[in-house]
Amino acid sequence: MKIDSLDRWNVDASHPLIIAGPCSAETEEQLYETTKAIKAEGISLIRAGVWKPRTRPNSFEGVGQPALQWIQDIKKELNVKFAVEVANAMHVEEALHYGIDVLWIGARSTVSPFIVQEIADALRGCDLPVLIKNPINPDLALWIGAFERLHQAGVTKLGAIHRGFSTYQKTRFRNIPMWQLPIELKRQLPDMPMICDPSHITGKREMVAEISQVALDLNFDGLIIETHCNPEKAWSDASQQITPQALGELVRNLHIRKSSSQDIEYITHLEDLRTQIDHADREMIEILASRMELVAQIGAWKKKNNVAAFQLDRWNEVFKSRKEWAKSLRIREKFIVELFNLLHVESIRKQTEVMEDIRDENETESGLRVS
Ligand code: PEP
Ligand code: MN
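(A) Representation of the coordination of the manganese ion (ligand 2) in the model. Looking at the manganese ion (ligand 2), one finds its protein donor set to be Cys-23 (SG), His-200 (NE2), Glu-226 (OE) and Asp-237 (OD), positioned 2.1 to 2.4 Å from the metal centre. Going along the chain, you hit the donors of the manganese ion (ligand 2) in the pattern C-x176-H-x25-E-x10-D. Here the residue Cys-23 occupies a position in the loop between strand E1 (17-21) and helix H1 (28-40), and Asp-237 occupies one in the loop between strand E8 (222-226) and helix H10 (244-253), the gap between them amounting to 214 residues. Taking the relative accessible area as the measure of exposure, Asp-237 reaches 18% and is therefore buried.

(B) Structural detail: a nonpolar patch on the surface. Residues Leu-329, Ile-331, Phe-335 and Leu-339 make up a contiguous nonpolar surface patch of roughly 370 Å² in combined accessible area. Structurally, Ile-331 can be placed in the loop between helix H12 (312-328) and helix H13 (333-355). Classification of Ile-331 as partly exposed rests on a relative accessible area of 35%.

(C) Region of the structure containing a negative patch on the surface. Taken together, the side chains of Glu-28, Glu-29, Glu-33, Asp-73 and Glu-77 present a region of like negative charge at the surface. A per-element tally of the negative patch places H1 first, with three residues. Within the fold, Asp-73 resides in helix H2 (residues 65-78).

(D) Geometry of the site of ligand 1. Taken together, the neighbourhood of ligand 1 is formed by Cys-23, Arg-47, Lys-52, Glu-85, Trp-104, Gly-106, Ala-107, Arg-108, Lys-133, Arg-163, His-200 and Glu-226. One nitrogen or oxygen atom from the side chain of Lys-133 is found 2.8 Å from an oxygen atom belonging to ligand 1. Here an oxygen atom of ligand 1 sits 3.2 Å away from a polar atom, N or O, in the side chain of Glu-226. Protein chains bury 97% of the 290 Å² of accessible surface belonging to ligand 1 in isolation. Split into classes, the residues belonging to the shell around ligand 1 amount to three nonpolar, two polar and seven charged.

(E) Structural detail: helix H7 (residues 180-188). Looking at H7, one finds that the buried residues are Leu-181, Pro-182 and Leu-185. Projected down its long axis, H7 carries its buried residues within an arc of 95°, all on one side. Summarising the geometry of H7, the exposed residues directed more than 90 degrees from the buried face are Gln-180 and Arg-187. Considering only its buried residues, H7 is in contact with helix H6 (140-152), strand E6 (158-162) and strand E7 (194-196).

(F) Molecular detail of the pairing of strand E3 (residues 81-85). With four of five residues buried, E3 lies mostly within the body of the structure. Bridge analysis of strand E2 (residues 45-47) against E3 gives three bridges, and the strand direction is parallel. Opposite Arg-47, over in E3, you have Ala-83 as the bridge partner. Where the polypeptide runs from E2 across H2 and back to E3, its parallel neighbour, the crossover connection is right-handed. Where E3 and strand E4 (residues 102-105) come together, three bridges link them in parallel fashion. When the sheet's bridge partners are listed, Ala-83 is paired in E4 with Val-102. Remark: the E3/helix H3 (residues 89-97)/E4 crossover connection has right-handed handedness.

(G) The pairing of E6, seen in detail. The element E6 is extensively covered by neighbouring structure, given that five of its five residues are classed as buried. Neither face of E6 is left uncovered, since the one carrying Leu-158, Ala-160 and His-162 and the one carrying Gly-159 and Ile-161 both have all their residues buried. Pairing of strand E5 (residues 130-133) with E6, which is carried by four bridges, proceeds in the parallel orientation. Bridging from a neighbouring strand, Leu-131 pairs with Gly-159 of E6.

(H) Structural detail: the pattern of salt bridges. Taken as a whole, this structure holds 19 salt bridges when the rule is applied. A salt bridge links Glu-353 to Arg-349, with the nearest nitrogen and oxygen atoms 2.6 Å apart. You can see Glu-353 and its partner Arg-349 sitting in helix H13, four residues apart, about one turn around the helix. For Glu-353, a relative accessible area of 7% gives the class buried. If you follow the salt bridges from partner to partner, you end up with Lys-2, Asp-4 and Arg-8 in one network.

Scoring rules and cut-offs
- Residues numbered from 1 in each chain as written.
- Chains lettered and ligands numbered in written order.
- Predicted model: local features only at pLDDT ≥ 70, side-chain atom pairs only at ≥ 80, totals over all residues.
- Heavy atoms only, no water.
- Donors = N, O, S within 2.8 Å, 3.2 Å for Na, K, Ca; no water.
- Helix = DSSP H or I, 4+ residues; strand = E, 2+ residues; numbered from the N terminus.
- Buried < 20%, exposed > 50% of the residue type's maximum accessible area, 1.4 Å probe, protein only.
- Patch = residues over 30% accessible without salt bridge, like charges linked within 9 Å, V, L, I, M, F, W, Y side chains within 5 Å.
- Areas by Shrake-Rupley, 256 points an atom, 1.4 Å probe, with all protein chains shown as cover.
- Salt bridge = Lys/Arg side-chain N within 4 Å of Asp/Glu carboxyl O.
- Lys, Arg positive; Asp, Glu negative; His and termini not counted.
- Charge placed at Lys NZ, Arg CZ, Asp CG, Glu CD.
- Near = heavy atom within 4 Å.
- Polar contact = N/O pair within 3.5 Å; in protein donor to acceptor, adjacent residues only side chain to side chain.
- Nonpolar A, V, L, I, M, F, W, Y, C, P; charged D, E, K, R; others polar.
- Arc of directions from axis to C-beta.
- Contact = heavy atoms within 4.5 Å.
- Pairing = 2+ DSSP bridges.
- Right-handed = clockwise from strand over helix to strand, strands pointing away.

Structure (structure tokens):
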């Protein structure tokens, strides 16, 4: 997939690219005041929700077309560019008509190939940058599929917005980041500009700066941050919006990382550490293989004695001691719990395989059959 780089977007593409503005355009004054104050902080790409997808009906659903007129007037007066969310062909047509500079597809739209295709068809032959937010569920194929639909319609100025994923669990995030997904997207589509949306990930203004920095540490190209001249009184997402002044401070305090370095000392030391990691991984896999061999022997022994594969007491004891060992080595408990859960599932699978005499086709005679 051939994707244009950020510097061909016809926006001020300094690193990191900052897009800031209110969750929703509410009134002409609110949009004007917010934009003017953001511009004073040196940021000139403004976001504003014109049509708002809301979880429940009867809440504020955006101003619609009149907001596009405000945007057109503000653009002329303050010399800024605007990004707007579109969710159907009519939105695209109106946004194009009013000279919007950047479009984005929201998380609730990315989940629907029908909607994405409708937007792609409406954009055929148009050269605007389009950002695609991740779908609300952690489905990478769905996200990539949306890029493919747009790309097949001739849109080459594409970018990804990582806004986190919906979860039923109680966490400190509104949408859990699951950073491995945007990282995997970048691995599969290396040219894709990556923008993080710390506002929707956190849901809390107090956490926006922290997550912005994490994104830059992970080599993201930009941030989209909900900013409002009076955040507490915002008509949508009031708890996560920050003032333009707080935005300015946040951006000034960011540690900007280089994506790599040509410094010879840096490169040789990194190479050295990576070689050590390769060795450690190799040893870890060898240890896992011998652990599996022991598991197979236990399976065979239990079978011979007609005992069930799963023994609750033993499992509880394993779990308890491994957590303690890990703690003494300063390894996070949550990590060790997840790792041992995985190991346990695989070990039980292996034991039942031995007990039922099922042989994995990839396994050699000497590997498993110990009974
Ligand atoms: C938004 O950006 O205001 C928005 C609705 O976000 P999302 O699609 O990520 O929920
Ligand atoms: Mn919002």
